[in-house]
Amino acid sequence: MLCEISGHSSMHTSLTQRTGPSYRAVPYAQDDALTEDYALTDYRSSRNSTGHHPADVPLLPTPSCDSDAGSTTRAGHVVRDRIQDCSNPNVSGTRLTWLPYMLRWPTLVAILAFTAALGVIVVIVHAISASHKGLVADDGSGSLIILSKFIPTLLAVIHGILLTMLLNDVKRTQPFANLASSSGALAGQSLTWVADTWWECLVASLPKRNIKKTSWAMLCTSVAFIFSFLIVSPFSSTLLVSKDVLFVEERAFSQLNISSALPLRAHPVGTTCFRTVSNLLQNVTTSAWITDSRAILPFWPSTINDAPLGPILTDSAQTWLAKTTVFDVEMECEQMKLVEFVSFDLYHAEGNFTTSSKRARLLSLSGCSLTITLTEGGALYATGGAVWSGLRGTSANATVLGQICKTNFFMGYPTVTVTLSKSASSVEIDESVYSSIRKPIPDTVADSSSFQRVFLNTTNWSMHLKKPVGSPRAFASGPAIMLSALYDYSPEKMVADSYFLQNAGRVKQRFFGELLRDVFDTASGSDAIKTTGTTSETKRRVVVVPSVAIILEISLVLQFILLSTVLVTTRISRRPLGLFADPAPPIRVAKLISNQPDTLKSLEYLHGTSSKDLALSLSDKRYLLSQGRIHLASTKGGPNDMSSSQESHSPQPSLLNASGAEKQSYTFSLWVFIVLLFLLSAVLTVIAYLYWYSDAVGLYQTAFVYAFNISFGGLDLGDVNPASLLTTLVAVIIGLWWGSLDTALRRIQPYLILAKKPITKSRSEGVLISYVSSYLLLAAWRAFKRTHWVLALVCTGAFLSEILTIAMSSLWAREAGALPLVVDVPRQLELRQVPRLSAGEEQFTSHAGNYKKTVLSDLFENMRTSWIYGAAVQISLEGSEPPWSSGGWSFVPYDLSLIPSTTLQNTGNKTAAPKYPTNATVDTIAIRARLECSPYEYLDLEDSKTWLTEWDLTDTTQWGRNTSTELSRGFELGLSGKGYNSIGDENVLLYLDERPDVQGNYSTFFVNNKRFQCCENRTEDGTINSGSVGYWSPNLRNSSFYPDFADTWPANFTVKWIHGRPIEGYCGIVDTFGCLPRLLWIEKPRMAALNCMPVIETADATVTVNAADGNVLGFTLRGEPRPDDYAWSDDFKQHKYDDSVGGFKINITTSHGVLFLTALLGAADLDEVVGTNLNYLFTESESIEDQTFNIRQPGLNADLMTYSMLSLVDYDHEALLDLDTLTSTAQQTFTALFQHFASNNVSFTSGGYVFQPPGEKLPSDLDGPVTKSPRADDAALLYETVVMNLSRSVELLKISKPAAYICLSILVYLIIAGVTLTIVSRGYPSVLRRRINSIADVAVLMAGSQRLLGLAREKAINNLTLDPGTRVRLGWFNNANGTRRWGIEVVDKGEQEGLVSDDTPPRSDASYFGTGNEVYTMAPEFGSAQLENEELVYIAPTFGSLYLKWLDTSKA
């Protein structure tokens, strides 16, 4: 049969014509009915010949098109379009205006707007933070900390994602931009151009030796991207921090108005001296306005109603700044030298006798002379001492040293700074400024002479620091008594102290300040003076770190400029791409080259080369993109020399076997995967470990908490902690790394699918799809829908890696914390079980137990450690509880000096690293004393007849008067005629039984059986106001008296409070003894009295203390309290022995409970510590010369215990008349007293009143001389050790639990996804034989794929779809000329029957293509026999080869 081909005037004569089947040749179309008859020349090759080159195939005509088929000249070379595509976009009206979504102006403008918005937000929050000292208050909630980290990083990550997408689109369009330039581009800048990483993009955008042009779009995008991941993302996590900020505000202030008290005069009262002694000896701040060197007129913000005068002005942390008046006292002293010291006999004219004496004369350089006579037998002669008198301020001692001093009083009006906190208030001034402006106090302001007179002369200092009977303390006179107490009454210490004069000045300034404090108290009730000042308050705020904000602002401004440049330079008019649609799908790359024979020919012979060899082979060629086609614009030898040059320089195929496979990307390298997985695992391990360590121990090391201080030009720009920067940067690196995997896999995913099997889904698979322009969750969703599971896994990981960046930035927060440490410490003390051992003298009188005086006087000797004073100061002057005491409990202490002290961290301060506070927690034993109080059954408080006597004061035989107030009757505490003597008018006993009887139960109104003679509350006009008396007294029975007041222990005592209108000036006339002063009441007073039993109990406890000072921070009791059986065992038990040399010496053992209560109930009258003086001739009055442990002032006469109770009710005298109030205040006071008693003079070697060394025993020779320690022997004790848990305050890097959980979860996912990708990617080289990255890498796969190219030519750019039956595959095939190649080609369903082994050699009479073991035939073998069925052959117009489709016409 003759095969005729019509419609073409020229045929290749080399083809052999023969009889064969009848065919008709038609142009391929969608509809098979549209055909045109052609004469088809029967051609075949010899069975032994090789396949024909497409040039051997006759060129078939194509349907005519209206487009221009002429030639154009480019760069001096002619390029002729031999075949034009009927689907030319220009014909259909499509314009070359395609841009990726990220480069389209709405998207770019949106990115620009977002960048500008970020910059504006940073500027605004920076400005707000700077002007308002922060953004919001830090309430300590974890959500606020997370949000302060989360929101900035979230915005930065979103910005970074947008820039990543923008860079990818600029990068992938760059070769097309180069191709679309007027002169085209060399292959190295176009077809083989590759820039996978940002640094490659940056380098590629810069001009080079042979390419002078700068790619501004890619350069600006790359730099903007670098700013994003190197600066914006990491620093965003440190933009907001929480810190203490100082707020300064000008406000209205009030100032104390003392104008009505001017000129100021000294009028000391009992509390004046009490406060003075408390400060000097107990180191207690009585008022924040009174310091050791200054007295400041108080001021306060007007929002505070009452004048704050106490030691703590307010409980808020603030600083006040205002001008006010400041007073001070200065002593100018001159050393006096001893010029004479002689012995002589001093003659006493009155007694006509002489005594041996010494005379000392001292002389100063200014000529002042002082002579002191020391009489033998005098206290100063025997023991030494100090004298501070009005003799121009002289002091001397046994070595006869002295100072002569002058006192100056100054005042000024400086700016005063008051610093406040919850636990302390301090007032400071600029000393240099004050010294320059101060002036002597004028007489109109203060009477300085009255202060001098009161200080040196009228104040009886000995009554406030009374020397206990039997005390061996040295002599002191005047204010020197107070000064000596600072040196434990040791003249030697005074002489040796170089700061002696400073301490003397401190004593005088303190007394002067406390006198002013009395004026302040009086003036506090008057209207204040209005003034102005400033307040500074520290608040915890979320603030913007200035240095970080500035860095971000600069970065965002530069990014805005760069992105604006990108917007301008990427417009089609400036950067044409020459594209009609997205070139990412393979079929569209085929479309670009399908109609260009020279382009195809330049690529066809390179199918077997690697990407590197491909780039080298094409390096001398220039390509041009025009009208949606890539033209070969020029070659080194010219277009006519292209074929020969190509063939002569074509490298040998290197991809025909597995060993020649090329790696897809360095990101899929096994070692890269190993490093990545190691990094992910390391980060996972580190976060997990740090999370555990942070929770178990704490991240306190310098590496974690160190903050860099950034300053510029002296301006502090804040601190930056590198922890957040580092973790965010690590997360960014992980994100970029994973992003590179994501990008590479999205690029090759269509080819992986094509290589696995023929693809038929026209719109979702193979050559028609691309993931290049899909990102994160969108790419994951598309992959999930197409069941591309590995890609979906990786794309989801890319999204999660961005979440990881956000979570990692929120991972850390610096805050104060504690570092635990466990140490073993020796238990050096335990609760006392052995009574305290003392020495004394045997009692040799028939009444009061004076043998106890030595034991009792020791308790009152050292006023610097006085436990009664300490408790009164704690309660009334807001002092602190003693060490190892809290909540009424005292705890067995441990030696905290044994705790190791080390420098734990350096947080970045320029100063030396401070010693951080350390807290210690340990199991110990607690002890406390409390009261069980109840009203007396028979004491009727409402019926005063049982405890009050009414007197007729008009009886001049019994009463005398030395007051201007004349009364007809008065009332006196006690019942007349009911006493222990026969006189019957003593009125000192408070009877407690139903019938008054000295043989029954009774107590006293005073501390013992003495009358009151103080204190009335008289005003200057003579008005008698209300007043009160209050004392604790032992309960007595059967004529017993202090200190022998109890037969059994614990012994009860009575707490009393009596309030009314007392009056002084009346005295009871006693024959022979004169008129004795007695305190009467104008009207019947009211009384409250309680019967109180002391209880001492112990309990197991766990206590936490400050290791620096032992102050208790918290405690818990581990069990119910139990009675202390050892507290009451020995009641001054005597252990006698005969000592013929020393007299009647005895040993005394006393239990701590007995000792405490006995001393407490006798402290208010130190004269009677040796025992009550039972005067049977008359009832004595109280001694007003003793005010050491009581307060006597107008309207108040009370011991320190009752005064403390009064302070608890804010000095409301009537409040204590309520029995419940009296009970609660007595309970609190009693407990505080025992706390101070237990903590008094504790030694870790000998113990104390309440504590003893472990295992202490009384000595075996107890009934002999006391020569041994109370321990059983002198051998060193082996202390047992206990576990002490230390908690050192440090700056901690806290880890957020939610952020940690998110990070760990994401890292686990990334590791799983990474391992999966590692395993799966090992098979990629066997599936994809060459790297697919550049345009040439894709184009070379299709340069010899005639069917695919034909399909690309025939379809319009917008209609590039596959028929449902058309299958496309990536694999091995033989093209029309018999060349075996690896690429993409169309496969028909019927042709699958021609599968052959991949190892089968190419057949000479057919073309083969396939993948792996699949080889597809392109044409049947023409044998000599006739075909059984007539067949129709569709011949589509192609260039270089035939597209043959065989159909069985017999079924037509």
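Residues numbered from 1 in each chain as written. Predicted model: local features only at pLDDT ≥ 70, side-chain atom pairs only at ≥ 80, totals over all residues. Heavy atoms only, no water.

1. Quick word on helix α2 (residues 105-132)
Then, number 1: Taking 1.5 Å per residue as the helical rise, α2 with its 28 residues ought to reach 40 Å, and the 39 Å between its terminal C-alpha atoms agrees with that figure.
Then, number 2: Turning to α2, its buried residues number three or more, namely L108, I111, L112, T115, L118, G119, V122, V125, H126 and S129. (Helix = DSSP H or I, 4+ residues; strand = E, 2+ residues; numbered from the N terminus. Expected span 1.5 Å × (residues − 1). Buried < 20%, exposed > 50% of the residue type's maximum accessible area, 1.4 Å probe, protein only.)

2. Thoughts on the packing of aromatic side chains
Then, number 1: Going through the model one piece at a time under the given rule, you end up with 42 aromatic pairs.
Then, number 2: Measuring from centroid to centroid gives 6.4 Å for W1032 and F1230, while their planes differ by 35°, and the two rings are tilted. Of this pair, W1032 sits in strand β37 (residues 1032-1034) while F1230 sits in helix α28 (residues 1219-1238); the two residues are 198 residues apart in sequence, bridging distant segments of the chain.
Then, number 3: For F1230, a relative accessible area of 1% translates into the label buried.
Then, number 4: Through successive ring pairs, a cluster of aromatic residues spans W867, W1032, F1053, F1156, F1230, F1234, F1237 and Y1249. (Phe/Tyr/Trp six-rings, centres within 6.5 Å; stacked < 30°, edge-to-face > 60°.)

3. Looking at empty space enclosed by the protein
Then, number 1: The final tally for this structure, using the stated rule, is 15 cavities of 30 Å³ or more.
Then, number 2: What the largest cavity holds in volume is close to 520 Å³.
Then, number 3: Taken together, 27 residues make up the lining of the largest cavity; nearest its centre are R172, R747, V772, N1333 and S1334.
Then, number 4: Mapped onto the lining of the largest cavity, the elements with two or more residues apiece are α3 (142-179), α15 (586-593), α21 (722-756) and α31 (1335-1342).
Then, number 5: Considered class by class, the residues forming the lining of the largest cavity number 17 nonpolar, five polar and five charged. (1 Å grid on protein atoms, 1.4 Å probe; cavity = no way out; pocket = protein on both sides within 12 Å on 5 of 7 lines; lining within 4 Å. Points joined across faces, edges and corners; volume = space filled by probe spheres on them. Nonpolar A, V, L, I, M, F, W, Y, C, P; charged D, E, K, R; others polar.)

4. Structural notes on the sheet that holds strand β46 (residues 1145-1150)
Then, number 1: An order of β25-β46-β45 is seen for the three strands of this open sheet, with the pairing classed as antiparallel. Edge positions in the open sheet fall to β25 (836-841) and β45 (1133-1136), since each of these has one partner strand only. Sheet twist, expressed as the average angle between the axes of neighbouring strands with direction ignored, equals 30°. (Pairing = 2+ DSSP bridges. Axes fitted to C-alpha atoms, helices over the stretch in contact; angles between N-to-C directions.)

5. Topic: a nonpolar patch on the surface
Then, number 1: A cluster of nonpolar side chains, contributed by I550, I554, V557, L558, F560 and I561, occupies part of the molecular surface with about 480 Å² of accessible area.
Then, number 2: One can find I554 in helix α14 (residues 546-569). (Patch = residues over 30% accessible without salt bridge, like charges linked within 9 Å, V, L, I, M, F, W, Y side chains within 5 Å. Areas by Shrake-Rupley, 256 points an atom, 1.4 Å probe, with all protein chains shown as cover. Salt bridge = Lys/Arg side-chain N within 4 Å of Asp/Glu carboxyl O.)

6. Considerations on the pattern of salt bridges
Then, number 1: Counted according to the given criterion, the structure contains 34 salt bridges.
Then, number 2: Among the salt bridges present, the one from E950 reaches R969, with a minimum N-O distance of 2.5 Å. With a gap of 19 residues between them, E950 in strand β29 (residues 948-952) and R969 in strand β31 (residues 969-973) connect regions that are remote in the sequence.
Then, number 3: Here E950 falls in the partly exposed class, since its relative accessible area comes to 44%.
Then, number 4: When the shortest N-O distance is used, the salt bridge between R1011 and E972 registers 3.0 Å. Here R1011 is found in the loop between β33 (1001-1004) and β34 (1017-1018), whereas its partner E972 is found in strand β31, with 39 residues between them in sequence. Of the two residues, R1011 and E972, neither departs from the other in class, the shared state being buried.
Then, number 5: In this structure, a network of salt bridges that share partners links the residues R275, D292, R506, R510, E514 and D518.

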